[in-house]
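Now for the letters of each chain:
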Amino acid sequence: MTNKKDENKLIAERRSKLDLMREGGNAYPNDFRRDSLSGQLHQTFDAYKDETLREEHIRVAVSGRMMVKRLMGKASFIKLQDQSGQIQVRVERDSLPEGIYQRFKKWDVGDIVAAQGELFRTQTGELTILADEIRLLTKSLRPLPEKWHGLSDQEMRYRQRYVDLIINESSRNVFQKRSQIVTYMRSFLEAADFLEVETPMLQTTPGGANARPFKSHHNALDMELYLRIAPELNLKRLIVGGFDRVYEINRNFRNEGVSTQHNPEFTMMEAYRTYAEYTDWMDMTETMLHGMVDALNGSTLVSYQGEEFDFGKKFMRMTVEEAIEAYNPEFDMARIRDREYLADYCVKIGVNVQDNYGAGKLQIEIFDATGEAELREPTFITQYPTEVSPLSRKNDDDPFTADRFEFFVAGREIANGFSELNDPEDQASRFRAQVENAKAGDDEAMSYDHDYIRALEYGMPPTAGIGIGIDRLVMLLTNSASIRDVLLFPHMRPESFD
RNA sequence: GGGGCGUUAGCUCAGAGGUAGAGCAUUCGGCUUUUAACCGACUGGUCGUAGGUUCGAUCCCUACACGCCCCA
């Protein structure tokens, strides 16, 4: 895929056409203004009969990429594609000024073309513009992929997303839907009086999640910086500051492997509200997703990779320990918090056990290995072990567990929420435990954030928060198998241009 | 990190140890209501890269690159 190889005959032919255009004046004019989009025209005039259109002499100016060109002697049909869709244009020699048609015949599919004329309907009923003016605005030097099969080469779809977007309507739809999802979420939160904020991507102490960060360096200050792995601690600082409801929709960065469900940078919505607990967020998540799916699909049903989920129903709720019981028939529930038994069980099912793992961590290892993938229907898993929830509030009656949930659909974690730990002394001891984990070799352990403890010491009101993985949610609602399908420019190894 | 599959014309794909194939696109000709327009003619290739085996490799082998899928 080198530049040299790219310079083939097809491109050379187009380049020589461009050279002719340059000789004829400005080859890249920017003085045309359209007055209509194809989608609007269809919406407004698809119901009009041909006679009505001809009587009313509706003159429109459109422009877009020429996606179809059917030449028939002295007349042709072309289709121009803009963001809203396509509109057909009839190009006749005798309806255009002298000589224009001859030039038009040399234009290529892919060129950016402007056309003006009156609307009519063809014999087969297609809304069409009879051009009395037509211009080539931008020459396309590179041929587009084949019209029927489109672009199916996955590598090229990801690397040259612009070509994918030109050719594949399904791809355009995914990203339009992604925007609708984020807009819905934002409206939902705004309607509930949440304040949208932006907090730093560059941090001196990365925190808020168990993950490895990307390191960077500030030259002028000669200091190490990290790309954030989560905005959590900063958002809770804002709660301390007195904002009762805040949220942020933005990028997180985690220095981990790439897979169908992981991209090094991904988008997360995090929201915090005071005087609420985790169950309030479960209810709110349920309400938001019901409404979102209905608004997006016109139905509460979601089809995903051969499965169908009803987002109109109440979501299932199960504790971590119940899930272990449900998916491990031979597990002895009498010993669900017995570290030794849990460690033996892990070994039995092939899970790696470290010396510093407590009963809670072992439970989660078992849940991840045996339960997570089985959670197909929308399900809240609750009561995560406190040991693996260093920022969550302990349950008042059962401090082994935290007031925390995760939300799963199709075997994948979509959201994570909890009642926030606002006791600075408890938080300090949790940080110390994390530091111990780091010393024991856990490179995903959190570091001790002194300023965060100081903030909590000023007093953080009782609060609950949630994080929703936007990319995975978009995957689910657009029936996309890979996270790369919902990222405009997914991470790829560099291409060589030798 | 391990395993499997893939990489052939601009695109979508066949193919076989012995001169490289189709459709679409391009180029040329024809056609004033097409809908993957149609009809005729032509053109288009370092078969991912580098080695090896062989009289001969695009095909077999090895390594590498990139991608996809699965596993950790």
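Keep in mind it's a predicted model, so treat the numbers as computed, not measured.

Colleague: Even after reading the chapter, I still don't get the sheet that holds strand β6 (residues 195-196), so can you show me in this structure?
Modeller: Paired through their backbone hydrogen bonds, the strands of a sheet run either parallel or antiparallel. Strand order in this open sheet of 8 strands is β6-β10-β11-β18-β17-β16-β15-β14, and the pairing throughout is mixed. What marks the edges here is a single partner per strand, and that holds for β6 and β14 (316-319). Of the strands in this sheet, β14 and β15 (379-382) touch helix α11 (residues 320-327), which is tilted by about 95 degrees from β14.

Colleague: Teacher, can you tell me more about the domain arrangement of chain A here?
Modeller: For an interface, size is often stated in terms of accessible area lost upon the parts coming together. Here chain A is described as being made up of domain 1 (3-144) and domain 2 (167-315 + 377-486). On a C-alpha basis, the centroid separation for the pair domain 1 and domain 2 is 47 Å.

Colleague: Please explain the sheet that holds strand β3 (residues 85-92) as it appears in this structure.
Modeller: Around the barrel, 5 strands lie side by side as β1-β2-β3-β5-β4; this closed barrel has mixed pairing. This sheet shows a mean twist of 55 degrees between the axes of neighbouring strands, independent of strand direction. Two strands pair when backbone bridges link them, and β3 and strand β5 (residues 127-138) are joined in this way by 3 bridges, in the parallel orientation. Looking across to β5, one finds that arginine 90 is bridged to leucine 130. Strands β1 (59-72), β2 (75-82), β3, β4 (112-121) and β5 of the sheet are contacted by helix α3 (residues 38-45), whose axis makes an angle of about 85 degrees with β3.

Colleague: So what exactly am I meant to see when it comes to the pairing of β4 here?
Modeller: β4 sits mainly inside the fold: 8 of its 10 residues count as buried. As judged from the 7 bridges shared by β1 and β4, these two strands associate in the antiparallel manner. Note on β4: the bridge partner recorded for arginine 65 is isoleucine 112. Bridge analysis of β4 against β5 gives 10 bridges, and the strand direction is antiparallel. Residue alanine 114 lies in a different strand from β5, and its bridge partner there is arginine 135.

Colleague: How should the environment of glycine 350 be read in this particular structure?
Modeller: Relative to the helices and strands, glycine 350 resides in the loop between α12 (339-348) and α13 (359-370). Classification of glycine 350 by relative accessible area gives exposed; the value is 66%.

Colleague: Is there a simple way to explain helix α16 (residues 470-477) in this structure?
Modeller: Residues spaced three or four apart along an α-helix face the same direction, because each turn holds 3.6 residues. Most of α16 is tucked away, with 8 of its 8 residues classed as buried. Inspection of α16 places Ile470, Asp471, Arg472, Leu473, Val474, Met475, Leu476 and Leu477 among the buried residues, and these make up the whole buried set. Residue asparagine 479 follows α16 closely and has a positive phi angle near 55 degrees.

Basis of the calculations
- Residues numbered from 1 in each chain as written.
- Chains lettered and ligands numbered in written order.
- Predicted model: local features only at pLDDT ≥ 70, side-chain atom pairs only at ≥ 80, totals over all residues.
- Heavy atoms only, no water.
- Pairing = 2+ DSSP bridges.
- Helix = DSSP H or I, 4+ residues; strand = E, 2+ residues; numbered from the N terminus.
- Contact = heavy atoms within 4.5 Å.
- Axes fitted to C-alpha atoms, helices over the stretch in contact; angles between N-to-C directions.
- Domains from an automatic or database assignment.
- Buried < 20%, exposed > 50% of the residue type's maximum accessible area, 1.4 Å probe, protein only.

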